[in-house]
Structures are given as C-alpha cells and as structure tokens.
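Single-letter residue listing:
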Number of protein chains: 4
Amino acid sequence: MSDRHRLLIETEDKKGLIHQITGAILKHNLNIEQNNEFVEKQYNRFFMRTDLSGAPVQSLFDDLSALFSADHSVKLIPKRKKRVVIMATKERHCLGDLLLRCKYNELDIDIQAIVSNYDDLRVLAESFGVTYRYISHQNLTREAHEAELLKTLAQYDCDYVVLAKYMRILTPDFVEKYNNKIINIHHSFLPAFIGASPYKQAYDRGVKIIGATAHFVNNNLDEGPIIAQGVLNVNHTYSAEDMALFGKDVEKQTLARALRLVCDDRVFIYKNKTIIFE
Amino acid sequence: MSDRHRLLIETEDKKGLIHQITGAILKHNLNIEQNNEFVEKQYNRFFMRTDLSGAPVQSLFDDLSALFSADHSVKLIPKRKKRVVIMATKERHCLGDLLLRCKYNELDIDIQAIVSNYDDLRVLAESFGVTYRYISHQNLTREAHEAELLKTLAQYDCDYVVLAKYMRILTPDFVEKYNNKIINIHHSFLPAFIGASPYKQAYDRGVKIIGATAHFVNNNLDEGPIIAQGVLNVNHTYSAEDMALFGKDVEKQTLARALRLVCDDRVFIYKNKTIIFE
Amino acid sequence: MSDRHRLLIETEDKKGLIHQITGAILKHNLNIEQNNEFVEKQYNRFFMRTDLSGAPVQSLFDDLSALFSADHSVKLIPKRKKRVVIMATKERHCLGDLLLRCKYNELDIDIQAIVSNYDDLRVLAESFGVTYRYISHQNLTREAHEAELLKTLAQYDCDYVVLAKYMRILTPDFVEKYNNKIINIHHSFLPAFIGASPYKQAYDRGVKIIGATAHFVNNNLDEGPIIAQGVLNVNHTYSAEDMALFGKDVEKQTLARALRLVCDDRVFIYKNKTIIFE
Amino acid sequence: MSDRHRLLIETEDKKGLIHQITGAILKHNLNIEQNNEFVEKQYNRFFMRTDLSGAPVQSLFDDLSALFSADHSVKLIPKRKKRVVIMATKERHCLGDLLLRCKYNELDIDIQAIVSNYDDLRVLAESFGVTYRYISHQNLTREAHEAELLKTLAQYDCDYVVLAKYMRILTPDFVEKYNNKIINIHHSFLPAFIGASPYKQAYDRGVKIIGATAHFVNNNLDEGPIIAQGVLNVNHTYSAEDMALFGKDVEKQTLARALRLVCDDRVFIYKNKTIIFE
C-alpha cells in the first residue's frame with residue numbers, strides 16, 4: 001500500500017476510545033501526522049479523522065473494527081486526488097471557476113468529465129482539455145434520460161458528482177445510486193427561498209443579505225446536509241438581476257469551498273447534518 | 001423654526017424633478033448640506049432625503065407640494081433626537097445594549113421609557129436612570145393588556161416603539177395605531193426560520209450561518225419591511241444553546257444599526273420593502 | 001452623439017449648484033436616469049455622477065463649465081465598454097478570473113490584450129481568444145523594457161491598464177504616462193504588510209485576518225488611492241503557503257470588484273483617496 | 001479536588017504521544033469529555049487541551065510530566081470562572097459591554113475590580129455593583145503610579161488583567177509581572193496603524209475596511225501575540241470621527257471574543273503567536 005493514508009472513523013463514543021485507537025495505530029508502527037476528533041453529545045457519537053504516515057496493513061483495519069460497537073464505520077483510504085464528474089446545464093460561472101482552479105492546482109481534484117444536457121459549455125470545457133459529454137434530455141422521459149446519464153457516469157470511477165448549476169431535478173433512484181456523493185450548489189441562503197427563482201424571491205422580500213448553499217443531495221429537494229454557506233450584502237438599489245449577477249460570485253466560491261472540504265475528507269455526514277474538521 | 005431641517009420626499013418620478021425641488025429650496029434661501037435621491041424603476045417612484053440649513057417657512061412646504069402628483073409625501077422635520085419607547089419582556093441583551101449606547105451618545109436617541117410585561121428588567125433600566133413601566137399581562141385578555149399598553153404609550157409622544165425582545169404577539173389593532181413606527185428584532189435570518197425557536201430550527205437544519213433581522217412590524221408575523229440583517233458563522237460544535245448565546249451579539253448589533261438608520265431618517269418604506277440612504 | 005451618456009463633475013461646492021447643473025441638463029432636453037452627489041466637507045468639494053438619456057450637444061458642456069470655479073473637471077462621456085489592457089507575469093488566478101468574467105459578461109469590459117514579461121500565460125489567454133503580447137525583460141534595462149511596453153500599450157487605445165499580478169515595479173515615467181489609469185491588486189490588507197512577501201509577513205506576525213487591496217498606482221509603492229479591499233479569516237493552522245493559496249480568492253474578487261466600479265465610472269480620485277458611488 | 005478539570009499540555013511532538021497521554025488519563029480513571037490537539041510543524045511542537053471528568057490526583061500530573069521532554073508545560077486546572085481585573089481610563093464602550101455581558105452571564109468571568117487613572121467611570125462600574133479603584137497618575141512619576149497600580153492589583157488574585165481602553169503605556173517591569181496575562185484591545189487592524197490615532201491614520205489613508213485587534217501585551221507596543229481581530233467596511237462618507245464611533249462596536253466585540261477564548265483556556269501562546277482551539 002501507499003505510505004500516506006487517511007483514517008476516518010465514526011462510532012459510538014466510550015471511555016478510552018482515543019487511547020485504544022492510537023494504540024492500534026502505534027502497534028502497526030504508523031505515525032499520526034494530524035488528528036481531529038469530535039463527540040456529538042446528543043447521540044453520543046464519536047468522529048475521528050487522522051492522517052497517517054507509514055505503510056498500513058489489513059490487520060490495522062481489523063484491529064480497529066474490533067474496537068467498535070456494531071454500528072460503526074472505519075475507512076482507511078490512500079491519500080490521492082478525488083475523481084469528480086461535473087454535471088452542468090448552461091450556466092458557466094461555477095463550471096468555469098472549477099476548471100480554472102483545477103487547472104492551476106488551487107483545487108486538488110481530478111475532473112474526469114463534464115456531463116451536460118446542453119452542448120453550450122463544450123467550448124469552455126475543451127479549452128481546458130476536459131472531456132465533454134452532451135446528453136440531451138429532449139424527446140426522452142426523465143427515466144430514459146437518467147439511464148443515459150448513469151451509463152455515462154458509470155464509465156468514470158468517480159468519488160463525487162458535482163452539480164455545478166445542473167438545472168434538472170434528479171429522481172430518488174438516481175440519488176440513491178450516488179448516495180452521499182452528489183454535491184449541489186443552491187443559489188440561496190437555505191432554508192430561505194427553497195425552490196425556483198430564489199433571487200427573485202429575495203428581491204421581492206427585500207432582504208439585505210443574499211447567499212448560496214452547497215449541500216449533499218438527498219431525496220428532499222434543497223434539504224440535504226449543508227456543507228458550506230456564503231453571503232453577500234445587498235440593498236434597495238439591487239434589481240433581481242443584479243442579485244443574480246453578484247450572487248454568482250458567492251455561488252462559485254461556496255461550491256469551491258465545499259468541494260475542497262469534501263475532497264480533503266474533512267466532511268462527515270450524520271443525521272442529515274455535516275461535521276466538518278476545518 | 002429651527003435652522004436645521006430634514007426634507008423627506010416620496011413622489012412619482014418625472015423629468016426635471018430635482019431641478020424643481022432644488023429651485024424651491026433656493027428660492028427660500030436654504031442651503032443643501034447633503035442630498036440623496038433614488039428612483040425605483042419598477043414603479044417609477046422618486047425618493048429624496050435632504051439636510052437643509054437656514055430657516056424654512058411654511059411656504060416652502062406649499063411650494064414643494066404643488067410640484068408633485070397627487071400620491072406623494074413631503075415631510076419637513078426639524079433635526080432632533082427621536083423619542084423612543086422600548087418594549088421588552090425578560091431578555092436583557094438588546095435592552096442593555098441600547099441603554100449603554102444611548103447613555104454614552106453612541107446612539108443618538110431619547111429613550112422615554114421601558115415598558116415590560118415583567119418586572120425583571122427594572123433594576124437594569126433604573127440603573128441607567130430610565131423610567132420602567134411594568135404592565136403585567138397576567139389575568140388580562142390580550143385586548144385588555146394592549147389597552148393598558150396603549151394608555152401607557154400614549155403618555156409619551158414617541159416617534160418609534162422598539163421591540164427589544166418583546167415576546168408577545170401584537171394585535172392588528174395595536175400595530176395599526178403605530179403604523180410603520182414599530183421596530184422589531186427577530187432572532188433569525190428572515191425569511192428562514194420564521195416563528196418560534198429559530199435557533200433550535202437552525203440547529204436542527206444544520207446551517208453554517210445564523211443571523212438576525214430588524215424589521216418594521218406589520219400584521220403578518222415576521223413579514224414586515226426589513227431594515228437590517230446580520231450574520232454569524234457557526235459549525236457542528238455549536239449546540240442550539242450556543243447559537244442562541246452567540247446570536248445575541250448579532251441581534252443587539254443589528255437592532256442598534258437599524259435604529260440608528262431609522263432615527264436618522266434614512267429609511268423609507270415602500271411596497272413592504274425599505275429604501276435606505278446609508 | 002450617442003443617446004446614453006454619463007456626466008462626471010468635480011468642482012468647488014457652492015449654494016445652488018445642483019439646481020444650476022440640473023437646469024443646464026433640462027435646458028438641453030436631457031433626462032436624468034440616475035444621480036449621485038457627494039460633498040467632501042474638509043475641502044468643500046462637490047462630486048456628481050449622472051446618467052443621462054437624450055442627445056447631448058457641445059453647448060451643454062459649455063454651459064456646465066461656465067457654472068464652475070476655475071479648478072473643476074467636467075466629463076461627458078458616452079456609455080460604452082471600457083477598453084483595458086491587462087499586464088501579468090506568471091500567476092494565473094487573477095488573469096483567469098478576469099478572462100472568465102469578461103467572456104461571460106459578468107464584467108462589462110473589453111480586454112484589448114494581455115501583456116506579460118513571460119510567455120507562460122499565453123495558452124490561457126489564447127484559449128479565451130485574447131491577444132497575448134510577450135515582452136521579455138531579459139537583457140534589457142528597466143527603461144528599455146518599459147519603452148517596449150509603452151510602445152505596445154500605445155497600440156491599444158485603452159482606458160485602463162490592469163496589473164493582474166504584474167510583479168515588476170514601474171518607473172515614475174511609466175506611471176505618469178498612465179496617470180490615474182493603472183489599477184493594481186496588492187496581496188495584503190494595506191497599509192499592513194507593504195512590500196514583498198506579505199503572506200509570509202502575515203504568517204510571521206500571527207494575524208487572524210488577511211486581505212487584499214485594489215488601488216490606483218502612483219509613484220509611492222503600494223500607496224496609491226485605495227479602490228476596494230477584501231478580507232479572509234485565518235488561524236494558527238494556516239501555513240504561509242495556505243494563506244497565499246486562500247488569499248488568491250480574495251485577490252481575484254477584490255480586483256474584479258474594483259474594476260467593475262472603475263469601469264462603471266463610479267470612482268473619483270481626490271487627494272490620494274477615492275470617492276465611490278456604489 | 002473538584003471533578004471537572006482541564007488539562008493543558010505543550011511539549012515537543014513525538015510518535016505515540018496521544019496514546020501515552022490518554023493512557024495516563026485512563027489509568028487514573030478519568031473520562032475525556034472533549035479533546036483538541038495541534039502540532040506546529042515548523043518547530044515540531046505539540047499542543048493539547050482536554051476537558052476531564054472524574055477526580056484527578058497529583059500522581060496523574062506526575063505521570064504526565066514523566067512523558068515529556070525537558071521543555072514542556074503541563075497544567076491541570078479546575079474548571080472555574082476566571083478572575084479578572086479591568087483597567088480603563090475614560091472611554092466607556094468596552095467597559096460597559098464587559099460589565100453587561102458578565103452581569104447577565106454572556107461572558108463567564110468574574111470581574112474583581114475596575115482600576116482607572118480617572119474617576120469618570122465610577123458611576124458605571126458601581127451601577128453594576130463592581131468595585132472601582134481610582135488611582136490618579138497626576139503628580140506621580142510613571143514608576144510611582146505603576147507601584148500604586150501593582151499594589152492594588154496584588155489585592156486581587158486575578159488570572160488576567162484586561163486593558164479596556166486603558167490609555168497609558170505600561171513599563172516593561174509592569175508587563176513582566178503579569179507576563180502573558182495582560183490583554184489589550186487596540187483600535188486598529190494590526191499591524192496597520194500602529195501607535196496613536198489609528199482612526200485618523202485610517203481616514204487619511206482612505207482605507208475601505210477598518211478593524212480592531214485584541215492581543216496579549218508584551219514589551220513591544222502593539223506587537224504582542226494576536227488573539228482576535230474584527231473588521232468593518234467603511235467608505236468615503238465616513239469622517240475620522242465616524243470611523244472612531246463605528247469602530248467602537250468592533251472593538252468591544254473583538255475584546256469580548258478574545259476574553260471568552262482566553263478565559264475558556266482555549267488560547268496557547270507560542271513564539272509570539274497564538275494557537276486557539278475554537
């Protein structure tokens with residue numbers, strides 16, 4: 001195995017847990033580079049993220065698993081760039097921002113492909129040397145279209161699917177196939193302005209702050225676990241269009257921040273919320 | 001009349017308006033110290049706030065009114081501290097903050113009295129030398145209690161009523177008597193988490209930013225025109241109680257900021273939104 | 001002439017000024033779309049920015065000039081995209097961000113060319129269809145290199161020169177030729193950390209907030225009029241390299257914001273400071 | 001001993017350290033409620049803050065100390081309110097804010113006394129029932145005045161001395177006696193605008209953001225380890241006086257935040273910087 005790994009543990013909390021875990025790590029002659037723990041008091045739940053150096057073996061995994069109650073999760077993963085497929089429709093600001101960041105190593109991910117239901121963004125994608133897969137939804141049922149999408153996604157062994165302004169609602173079947181692996185950027189400060197045209201809603205309500213929310217997608221629209229949120233001050237001189245224009249900046253920053261956190265294995269999901277070791 | 005006045009105009013926009021208004025001001029030998037205008041394009045509505053020096057006479061008012069279409073508002077008011085009555089219940093952070101700011105001239109308002117349905121805050125109020133009026137709601141119908149409140153408020157010729165964590169809902173009758181004169185601080189980033197226990201709602205939803213909203217009160221709970229909003233980053237380590245504790249800071253700052261704007265005549269209300277000359 | 005113009009006035013303040021200016025505008029049958037004024041009290045200086053519709057003629061300009069004291073500035077300019085030349089060295093984040101924004105109309109400017117003392121950014125520039133001019137400084141004196149730059153710039157009738165991480169210091173001669181037309185992004189919260197390696201300085205000092213500053217360039221390094229500043233919270237877990245990485249986001253946003261303001265004629269320069277009608 | 005303690009460790013990092021420390025804790029039958037660690041890579045330094053429940057005995061302390069290299073620090077302190085003396089001069093906003101917060105348990109500290117070189121703030125202090133010690137500096141040498149201050153401070157067994165706008169410079173002798181125990185609020189975004197009249201400096205420079213900095217005091221004026229910083233957007237309409245007025249809000253919030261962190265034992269000092277477990 002590689003000699004840089006990350007250990008991710010979620011289990012019931014109990015006395016002596018850190019001592020036991022670090023004991024197993026030491027026994028296998030591994031070094032802890034960095035360590036974060038958190039205990040969620042309401043449910044007595046323990047979360048740990050540890051960067052290890054040295055060569056882990058399967059027996060570490062076994063030793064660790066033996067420590068925990070039935071309902072636990074232990075992952076020991078090599079440190080490497082995460083593989084991501086980006087889905088988009090026609091809007092370019094989030095996609096362009098991600099392409100730029102990846103190209104120049106500001107965001108340490110590996111974009112496998114861009115999948116879109118329109119062909120509009122092909123030139124942008126290809127100018128960055130990224131594969132563009134155009135899968136039109138026209139003349140297709142939702143199910144047939146998603147079947148095409150899934151077939152395409154299956155060609156890439158991706159860690160995450162990023163919805164960078166993908167404007168179609170995904171079915172529960174689709175979401176379930178990529179459970180806790182789909183990240184969306186919603187153009188409002190959730191849970192305010194759920195649903196369509198949030199900037200128009202914000203304008204009509206006369207709010208003084210607008211925002212964006214990056215979240216995992218589950219089967220309730222705009223109600224998945226929140227990863228990151230960003231805000232922007234506005235005032236009476238902003239039209240709904242101005243809000244949409246300036247909001248794009250917040251959207252792309254918030255999505256990039258969420259993706260950086262997720263792809264650095266800093267985000268745990270628990271009870272429809274996130275625990276994030278920043 | 002005093003020689004420092006403020007002119008507040010709202011009317012239909014038309015060509016030449018600023019020239020006509022400034023002409024009327026000049027004709028009366030007044031000087032414009034500072035000037036703000038805004039044209040709301042959707043409804044073609046003109047707003048103006050002007051600081052004047054010199055002694056205005058009634059004929060200026062008449063000349064100005066003659067310039068405008070039927071549906072207009074012109075106010076010519078002497079520059080002076082606004083008179084405010086604060087209503088509170090048991091929470092102290094907003095009230096204490098306002099008392100401190102006023103005492104030391106950080107907020108240029110004149111607190112006439114504090115009215116509360118509990119006696120808990122009397123010591124705080126009186127330590128700042130401010131009159132405390134305890135009007136219990138116990139054993140009273142809502143209407144009877146409000147009648148007592150109104151009788152008390154009527155003793156003070158107040159420009160604004162500030163709800164500094166006053167925890168009872170006001171009836172439409174009450175609100176109408178102080179139309180566009182009641183300012184409330186709501187402990188959430190409206191329109192997210194309308195209603196009760198917003199911090200608990202925010203905690204349960206797992207948001208990463210919480211906030212507070214200062215707004216005028218109208219007859220739809222938490223739906224009046226927004227004056228100011230403030231936000232605070234939170235994370236998974238915050239309990240609902242932590243959010244409530246840290247949120248207090250945002251609440252008191254947001255209320256103070258809103259009150260400063262309103263009492264400096266910087267806030268116009270139009271179509272359930274605010275236009276604010278900052 | 002075009003029928004959309006912008007009027008920019010700077011002059012000594014005096015009684016009746018707005019009335020006189022709006023009178024001249026009316027006399028020429030022009031309509032005021034939007035208007036901002038500001039009086040700088042310390043020096044009694046009046047600033048005005050007005051959007052006009054209708055066809056202005058030279059006599060408006062003459063009428064206005066006749067109103068003002070000797071030391072004034074009146075500009076009547078057609079509303080059009082500003083022409084900009086971007087200078088860069090090797091860093092890509094600001095340049096890439098500006099290219100993306102312009103390509104997709106988030107930033108309403110016309111990039112004439114990119115001029116660099118290295119050839120590294122050519123592929124990026126040309127993938128957006130923008131002319132790239134490589135002018136190496138190697139084997140040239142500073143004066144000889146700047147002569148080359150000036151010759152190149154002269155081929156483009158540009159309104160502004162944007163230093164998007166151009167890492168060479170410009171001579172007073174160069175700066176004077178583009179007086180108040182050169183915009184720089186400095187990677188610190190000026191005036192903290194003037195000079196080289198500001199992120200290293202920030203790291204060494206242990207600050208909790210870092211920032212970036214967009215400013216006009218004059219002959220004192222990092223001391224020109226500030227247009228916009230942005231900040232970012234950091235903590236003890238950030239290395240100097242992390243600060244530099246995350247700081248890039250603030251740099252590019254701050255530069256884009258400054259450029260939007262300047263190219264929308266919202267920025268006046270007076271006494272080494274800016275007056276900005278936002 | 002009490003059954004709620006906090007363990008604070010600073011030592012050289014080495015393999016197995018967390019396992020050894022948690023082993024010692026377990027051996028004494030104590031429970032870890034919460035835990036934070038950080039390794040400073042540049043100097044290979046390990047920091048740990050742990051909340052313990054159970055009754056610690058001296059032998060835990062001995063066992064822990066035996067684990068570490070010579071240059072280490074281990075503190076095992078009962079969880080209790082920190083005792084603080086506040087020093088002030090004439091300005092009230094920070095002092096008033098701290099008094100309000102403590103009175104109503106928003107800030108969990110115990111204010112022993114307020115010491116001032118003027119008598120102006122006595123009424124404020126006493127309205128909150130806090131002892132006020134007036135020690136004029138008039139007709140005294142700096143040394144004689146500080147001798148008086150030290151004599152007064154010595155009467156209170158205080159954990160921290162808070163300079164809430166105390167406007168006199170302290171001598172190295174004074175500072176050394178309360179080494180790493182004096183917290184100051186500086187009214188600028190350090191290291192910008194070191195020294196006197198920072199708001200005037202900020203106004204003259206035309207910055208678009210102002211700030212405040214809470215820091216430990218050492219012998220280089222304004223150069224001690226930074227605990228917290230806060231910022232505020234300003235623009236050309238702000239006079240130096242406006243900046244000072246609005247800046248007060250940032251000052252008091254930043255000081256309160258710093259004090260909350262320090263008094264919750266979340267702040268380690270190392271190499272003139274702070275490591276803060278938030």
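Residues numbered from 1 in each chain as written. Chains lettered and ligands numbered in written order. Predicted model: local features only at pLDDT ≥ 70, side-chain atom pairs only at ≥ 80, totals over all residues.

Peer 1: Teacher, can you tell me more about the interface of chain B and chain A here?
Peer 2: Note on interface size: it is often stated as the accessible area lost on association of the parts. Each partner contributes to the interface: chain B provides 22 residues, whereas chain A provides 21 residues. Where the side of chain B that touches chain A is concerned, the elements lending two or more residues are strand 11 (226-233) and strand 13 (273-276) of chain B. A class-by-class count of the residues in the side of chain B that touches chain A yields 12 nonpolar, seven polar and three charged. (Contact = placed C-beta atoms within 7 Å. Helix = DSSP H or I, 4+ residues; strand = E, 2+ residues; numbered from the N terminus. Nonpolar A, V, L, I, M, F, W, Y, C, P; charged D, E, K, R; others polar.)

Peer 1: How do you make sense of the sheet that holds strand 5 (residues 82-88) of chain C when you look at a structure like this?
Peer 2: Whenever strands of a sheet pair, they do so through backbone hydrogen bonds, lying parallel or antiparallel. Residue and element names in this part refer to chain C. One open sheet holds the seven strands; their spatial order is 7-6-5-8-9-10-11, and the pairing between them is mixed. Of all the strands in the sheet, the pair left with one neighbour each is strand 7 (132-134) and strand 11 (226-233). The mean inter-strand angle of the sheet, taken between neighbouring strand axes irrespective of direction, is 20°. Where helix 8 (residues 240-263) meets the sheet, it contacts strand 5, strand 6 (109-116), strand 8 (160-163), strand 9 (182-186), strand 10 (209-216) and strand 11, and its direction lies at approximately 150° from that of strand 11. (Pairing = 2+ DSSP bridges. Axes fitted to C-alpha atoms, helices over the stretch in contact; angles between N-to-C directions.)

Peer 1: Whenever I open this one, the relation of the copies chain B and chain D confuses me. Can you help?
Peer 2: Between the two copies of the chain lies a rotation about an axis combined with a shift along it. Each copy of the sequence occupies a distinct position, and chain B is placed on chain D by a rotation of 180° and an axial shift of 0.0 Å, giving an RMSD of 0.0 Å. The relationship between the two copies is best expressed as a two-fold rotation axis. Closest to the rotation axis within chain B is the C-alpha of Ser127(B), separated from it by 2.9 Å. A shared binding surface is used by both copies, with 100% of the interface residues of chain B retained as interface residues in chain D. (Least-squares fit on C-alpha atoms with pLDDT ≥ 70 in both.)

Peer 1: Where do I start with the sheet that holds strand 5 (residues 82-88) of chain A in this structure?
Peer 2: Residue and element names in this part refer to chain A. Pairing in this open sheet of seven strands is mixed, and the strands run 7-6-5-8-9-10-11 from one edge to the other. The outermost strands of the open sheet, each flanked by one partner alone, are strand 7 (132-134) and strand 11 (226-233). Here the strands of the sheet are splayed against their neighbours by 20° on average, with no regard to which way each runs. Sheet topology places strand 5 next to strand 8 (residues 160-163); four bridges connect them, and they run parallel. Along strand 8, the bridge assignment pairs Met87 with Leu163. Contacts between helix 8 (residues 240-263) and the sheet are confined to strand 5, strand 6 (109-116), strand 8, strand 9 (182-186), strand 10 (209-216) and strand 11, with strand 11 contributing the most and set at about 150° to the helix.

Peer 1: Even after reading the chapter, I still don't get the interface of chain B and chain D, so can you show me in this structure?
Peer 2: If you look at the interface, chain B gives 11 residues, while chain D gives 11 residues. Taken together, the elements giving at least two residues each to the side of chain B that touches chain D come down to helix 3 (93-103) and helix 8 (240-263) of chain B. If you tally residues by element for the side of chain B that touches chain D, the top one is helix 8 of chain B, at four residues. For the side of chain B that touches chain D, the class distribution of residues is three nonpolar, four polar and four charged.

Peer 1: It is not clear to me how the pairing of strand 6 (residues 109-116) of chain D should be interpreted in this structure. Could you clarify?
Peer 2: A regular strand carries its side chains on alternate faces of the sheet. All names here are of chain D. In this sheet, strand 6 lies alongside strand 5 (residues 82-88) in parallel orientation, the contact comprising seven bridges. Note on strand 6: the bridge partner recorded for Met87 is Val115. This β-α-β element, strand 5 to helix 3 (residues 93-103) to strand 6, shows right-handed connectivity. Relative to strand 7 (residues 132-134), strand 6 runs parallel, the two sharing three bridges. Looking at the pairing, Ser116 lines up with Tyr134 of strand 7. Assessed by its sense of winding, the connection that carries the chain from strand 6 through helix 4 (residues 122-127) to strand 7 is right-handed. (Right-handed = clockwise from strand over helix to strand, strands pointing away.)

Peer 1: Any chance you could explain the domain arrangement of chain A here in plain terms?
Peer 2: Residues and elements named next belong to chain A. Domain boundaries in chain A define domain 1 (4-78) and domain 2 (82-276). A C-alpha centroid distance of 32 Å is found between domain 1 and domain 2. With eight residues of domain 1 at the contact, the number on the domain 2 side is five residues. Looking at the side of domain 1 that touches domain 2, the elements that each hand over two or more residues are strand 1 (4-12), strand 2 (31-40) and strand 3 (45-53). Residue composition of the side of domain 1 that touches domain 2, by class: three nonpolar, no polar and five charged. (Domains from an automatic or database assignment.)

Peer 1: Can you walk me through unusual backbone geometry in this structure?
Peer 2: Note on backbone geometry: most residues besides glycine have negative phi, and most peptide bonds are trans. For the bond from Leu190(B) to Pro191(B), the omega torsion is 5°, close enough to zero to count as cis. By the element assignment, Pro191(B) lies in the loop between strand 9 (182-186) and helix 7 (198-205). The phi dihedral of Asn105(A) falls on the positive side, at around 60°, and the residue is not glycine. Counting through the fold element by element, Asn105(A) comes out in the loop between helix 3 (93-103) and strand 6. With 9 C-beta atoms packed within 10 Å, Asn105(A) lands in the exposed category. (Buried ≥ 20, exposed ≤ 12 C-beta atoms within 10 Å, placed from the backbone.)

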